[in-house]
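Structure assessment
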Amino acid sequence: MHRLLACVSCLAHMVFVGFTVIGGFLAWLVPALLVPHLAAAAWGGRMAITRAACPLSRIENWARRRAGKPQLHERGFVAHYFEGKVYPARWARKVEVAVGGLVVSSWAVLAAR
């Protein structure tokens, strides 16, 4: 049961991160997604700036511990699943800035429409 919860929390996290990154572009097609995307981007931006512990990371870590699996990276979900796998860990801050720019540019295009 704990492995399932760890997987579900990981999947929820992946969906949230994906929506945070591309949700502004999705709002071009479905304008009703703009407000949820603003909320997701605000939360994601807050997490990137403050390095606060994410509730989904806490749930996943709890479930992983109970399932006998190793914890997420000490810096959290993105560091665990993306840094060093999708891009080099030394690029972490640059990737965060690029993603932030991508999000803001999606809003700029939406506002210009």
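The text that follows walks through the structure, step by step, so that each part is easy to find.

Definitions and limits used
- Residues numbered from 1 in each chain as written.
- Predicted model: local features only at pLDDT ≥ 70, side-chain atom pairs only at ≥ 80, totals over all residues.
- Heavy atoms only, no water.
- 1 Å grid on protein atoms, 1.4 Å probe; cavity = no way out; pocket = protein on both sides within 12 Å on 5 of 7 lines; lining within 4 Å.
- Points joined across faces, edges and corners; volume = space filled by probe spheres on them.
- Helix = DSSP H or I, 4+ residues; strand = E, 2+ residues; numbered from the N terminus.
- Nonpolar A, V, L, I, M, F, W, Y, C, P; charged D, E, K, R; others polar.
- Salt bridge = Lys/Arg side-chain N within 4 Å of Asp/Glu carboxyl O.
- Buried < 20%, exposed > 50% of the residue type's maximum accessible area, 1.4 Å probe, protein only.
- Patch = residues over 30% accessible without salt bridge, like charges linked within 9 Å, V, L, I, M, F, W, Y side chains within 5 Å.
- Areas by Shrake-Rupley, 256 points an atom, 1.4 Å probe, with all protein chains shown as cover.

Focus on the layout of surface pockets
The computed volume of the largest pocket comes to approximately 1,100 Å³. Gly44, Met47, Ala48, Val78 and Glu96 are, among the 42 residues lining the largest pocket, the residues nearest its centre. Those elements that provide at least two residues to the lining of the largest pocket are helix H1 (2-29), helix H2 (34-50), helix H3 (55-66), helix H4 (77-81) and helix H5 (92-112). A breakdown of the residues in the lining of the largest pocket according to their chemical character gives 26 nonpolar, nine polar and seven charged.

A look at the pattern of salt bridges
Think of it this way: side chains of opposite charge can pair up when their charged atoms draw near. Applying the stated criterion to the full structure yields four salt bridges. Linking Arg75 and Glu83 is a salt bridge whose minimum nitrogen-to-oxygen distance equals 2.1 Å. Overall, Glu83 belongs to the buried group, its relative accessible area being 10%. Glu96 is the partner of Arg93 in a salt bridge, and the nearest nitrogen-oxygen pair spans 2.5 Å. Of the two residues, Arg93 and Glu96 both sit in helix H5, three residues apart, roughly one turn of that helix. When its relative accessible area of 43% is taken as the criterion, Arg93 is described as partly exposed. Judged by relative accessible area, which is 23%, Glu96 ranks as partly exposed.

As for a nonpolar patch on the surface
Together, Met1, Leu4 and Val8 make up an exposed nonpolar region whose accessible area comes to about 360 Å². For Leu4, the position within the fold is in helix H1.

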